[in-house]
Amino acid sequence: MTQLKAVIFGAIGTIVETSDIQRQAFNAAFTEAGLDWHWDIPTYHQLLNTNGGQNRIRAYRDAEPVRTGVTDEAIAKLHHSKTKHFVDLLANTPLSPRPGVVELLDTCHKANLQVAFCTSTSKENVEGIREALAQLLPFDRFATIVTLDDIGQPKPAPDAYIYCLQQLGITADEAIAIEDTPVSLLAAQTADLVTIATPGAAFGDRDFCDANLTLSDLTNLTVENLSSLLADRWHQASYFSV
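*Asks:* Just to check I follow, could you spell out helix 9 (residues 182-190) for this structure?
*Replies:* Residues separated by three or four positions in an α-helix point in the same direction, a consequence of the helix having 3.6 residues per turn. Residues of helix 9 that are buried include every one of Val183, Ser184, Leu185, Ala187 and Ala188, and no others. Looking at the packing, one finds that the buried side of helix 9 touches helix 8 (159-168), strand 4 (175-179) and strand 5 (194-197). Positioned one or two residues after helix 9, Asp192 has a phi angle of 70 degrees, which is positive.

See the structure below:
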């Protein structure tokens, strides 16, 4: 039977809730560029159906003919500005890890399980989170941290997970991925990983029925729970191959 060797946190949102800080950063970038664009909460939540910050800006631009004068080059600059504003906001906003995250890191550490952080966001965003949670979350527990800089295609492409597994030196059937959005969940599933969905604040009404397990948070997760989840998948695969 396959043995659990790693737990992979698949996005910033699995570790800390930053969705509204991201929204504020986008709006700050729009204001700085002299655009009259403003994303309220419902608009931003709808745009989250599109993965990747530049892609969200592009989708918003393309939704109305009056906005199409904003070029792709301008969008790249807007996203760069947004990243700077996001990091600045992180430095000035009290943050705490989501419930159960620190405890799960400790649990994995005691059980000699590898833990990874596998995102398709920028290295700057990850460094901003690392600094914002410096006194609360031991980032040195992550055996590897994957960012957009390491991969060819962002999620929902499986590139981030494929690279992460290579860095860990394991196969997909030896790990469990934790994701907070349907798009990122698809990336883990495409990489053939067992998945736990822990929806973020902006995704509580989304469909996570394809996850192997859906939890509101990671509180009280044990190695036994995780190993059983992996074993259930292995048994199902054995059953269907008969």
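From this point, things continue past the structure.
*Asks:* How should I be thinking about the nonpolar core in this particular structure?
*Replies:* It is characteristic of soluble globular proteins that their nonpolar side chains tend to be buried jointly. If you look at the biggest cluster of nonpolar residues, it comprises 33 residues, and the most contacted ones within it are Phe9, Ile15, Leu104 and Phe142. Here this core takes 4 residues from helix 6 (residues 101-110), the largest share from any one element. Within the second largest apolar cluster, 19 residues are counted, among which are Cys118, Cys164, Leu168 and Leu193.

*Asks:* What is the right way to look at the environment of Ser228 in this model?
*Replies:* Position of Ser228 relative to the elements: it lies in helix 10 (residues 223-241). The class for Ser228 is partly exposed, based on a relative accessible area of 40%. Expressed as a C-alpha distance, the spacing of Ser228 and Leu4, which sit 224 residues apart in the sequence, is 9.3 Å.

Reading the values: rules and limits
- Residues numbered from 1 in each chain as written.
- Predicted model: local features only at pLDDT ≥ 70, side-chain atom pairs only at ≥ 80, totals over all residues.
- Heavy atoms only, no water.
- Buried < 20%, exposed > 50% of the residue type's maximum accessible area, 1.4 Å probe, protein only.
- Helix = DSSP H or I, 4+ residues; strand = E, 2+ residues; numbered from the N terminus.
- Contact = heavy atoms within 4.5 Å.
- Core = buried A, V, L, I, M, F, W, Y, C linked by side-chain atoms within 4.5 Å.

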